[in-house]
Amino acid sequence: MARRPLVMGNWKLNGSKAFTRELIAGLKSELKGVEDCDVAIAPPVMYLAEAESALAGSAIVLGAQNVDVNVQGAFTGDISTAMLKDFGAKYIIIGHSERRTYHKESDEFIAKKFAALKEAGLVPVLCIGESEAENEAGKTEEVCARQIDAVINALGVEAFNGAVIAYEPIWAIGTGKSATPAQAQAVHAFIRAHIAAKSQAVADQVIIQYGGSVNDANAAELFTQPDIDGALVGGASLKAPAFAAIVKAAAQAKA
Ligand code: 13P
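Residues numbered from 1 in each chain as written. Predicted model: local features only at pLDDT ≥ 70, side-chain atom pairs only at ≥ 80, totals over all residues. Heavy atoms only, no water.

- Per an unreviewed UniProt entry, the recorded name for the protein chain is Triosephosphate isomerase, and the organism is Mesocricetibacter intestinalis.
- Per UniProt, the comment on the protein chain under Sequence similarities (unreviewed entry) is "Belongs to the triosephosphate isomerase family."
- In its Subcellular location (unreviewed entry) section, the UniProt entry covering the protein chain states "Cytoplasm". (UniProt positions renumbered as here; feature names shortened; annotations may be inferred.)

Following this line, the structure appears as structure tokens:
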């Protein structure tokens with residue numbers, strides 16, 4: 001089954017109002033006429049309003065880097081699904097390793113965020129992946145299965161209909177040391193098979209992005225792999241030409 005690729009930029013804690021306007025203007029011009037790939041950006045929530053207006057007339061979709069499980073009330077500092085929807089955000093990253101590590105987010109808590117997003121009609125982009133130590137101990141599949149099963153156990157496998165998984169090995173994030181296409185493909189195939197064991201139909205349609213030091217030089221080869229359906233891009237998403245080159249590589253490889 002042909003899956004439409006999705007390339008998404010995770011800006012992390014970077015940017016300003018001016019940066020947001022300039023980067024989006026650059027992306028709009030670089031990506032004119034590119035149609036065979038879904039494109040999303042997740043700026044810091046502070047800049048969603050700026051981004052929403054800068055994106056007017058563009059096919060680039062807005063996303064966000066996090067969401068809270070609560071919808072309204074006395075939850076100081078939190079951002080709800082309804083607030084993200086208010087700005088037209090659609091693809092919402094949850095379970096990023098930086099939040100799992102720095103904010104001690106558990107698999108069960110992340111499954112609650114997944115549920116909140118589904119309830120609101122938003123698209124969860126569930127980040128999973130092993131640390132360097134887990135990788136060296138041969139635990140990659142075990143870790144990925146556990147992180148996915150937290151969602152399946154809470155919500156059922158059907159929750160992955162219309163959802164996105166981003167396989168981001170922690171040792172590859174921001175290190176310049178991407179997984180090789182073959183390494184990534186092996187894990188992506190495992191993830192899809194793990195879901196297929198519960199539902200082949202759900203597995204066939206779920207988008208599995210690769211993330212971790214994707215750049216304009218290594219993207220095309222990663223996208224030749226059959227189970228790599230796009231990328232979640234950090235550093236290289238902060239430069240319009242590099243991010244656009246990654247999008248074009250996905251559009252070309254998956255057309
Ligand atoms: P880098 O592309 O900077 O390695 O970051 C990947 C990432 O964490 C995207 O969510």
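1. Topic: the packing of helix α5 (residues 107–120) against helix α7 (residues 140–155)
- Interhelical geometry of α5 versus α7 gives an angle of 55° and a closest axis separation of 9 Å. Judged on the interaxial angle alone, α7 and α5 are oblique. Relative to α7, the crossing made by α5 is right-handed. Listed contacts from α7 to Asp107, Ala111, Phe114 and Ala115 of α5 are Arg146, Gln147, Ala150, Val151, Ala154 and Leu155.
- Class assignment of the residues belonging to the contact of α5 with α7 gives a composition of 7 nonpolar, 1 polar and 2 charged. (Axes fitted to C-alpha atoms, helices over the stretch in contact; angles between N-to-C directions. Helix = DSSP H or I, 4+ residues; strand = E, 2+ residues; numbered from the N terminus. Parallel < 35°, antiparallel > 145°, perpendicular 65-115°, else oblique. Left-handed = near helix turned anticlockwise from the far one by under 90°. Contact = heavy atoms within 4.5 Å. Nonpolar A, V, L, I, M, F, W, Y, C, P; charged D, E, K, R; others polar.)

2. Digging into the site of the ligand
- Taken together, 13 residues lie near the ligand, and Lys12, His96, Gly174, Ser213 and Gly235 sit nearest.
- Between Gly174 and the ligand, the recorded distance is 2.6 Å, taken from a backbone N or O atom to an oxygen atom.
- Taking Gly234, its main chain carries an N or O atom lying 2.9 Å from an oxygen atom of the ligand.
- Starting from 310 Å² of accessible surface for the ligand in isolation, the protein chains cover 94%.
- Taken together, the residues of the shell around the ligand sort by class into 4 nonpolar, 7 polar and 2 charged. (Near = heavy atom within 4 Å. Polar contact = N/O pair within 3.5 Å; in protein donor to acceptor, adjacent residues only side chain to side chain. Areas by Shrake-Rupley, 256 points an atom, 1.4 Å probe, with all protein chains shown as cover.)

3. Observations regarding the UniProt feature "binding site: substrate" (unreviewed entry) in the protein chain
- What UniProt calls "binding site: substrate" (unreviewed entry) maps, in this numbering, to Asn10, Trp11, Lys12, Gly174, Ser213, Gly234 and Gly235. In terms of the greatest pairwise C-alpha distance, the residues named above, spread along 226 residues, form a tight cluster of at most 13.9 Å across.
- Secondary-structure assignment places Lys12 in the loop between β1 (6–10) and α1 (17–30).
- Not counting chain neighbours up to four residues away, the residues in contact with Lys12 comprise Ala42, Pro44, Gln65, His96, Glu98, Ile173 and Gly234.
- Summarising the element assignment, Gly174 is placed in the loop between β6 (164–167) and α8 (181–196).

4. Observations regarding the packing of α7 against α8
- Interhelical geometry of α7 versus α8 gives an angle of 40° and a closest axis separation of 10 Å. What the angle tells us is that α7 and α8 run oblique. Note on packing geometry: the crossing formed by α7 with α8 is right-handed. Side by side, α7 and α8 meet where Thr140, Glu141, Cys144, Ala145, Ile148 and Asp149 of the first sit next to Val187, Phe190, Ile191, His194 and Ile195 of the second.

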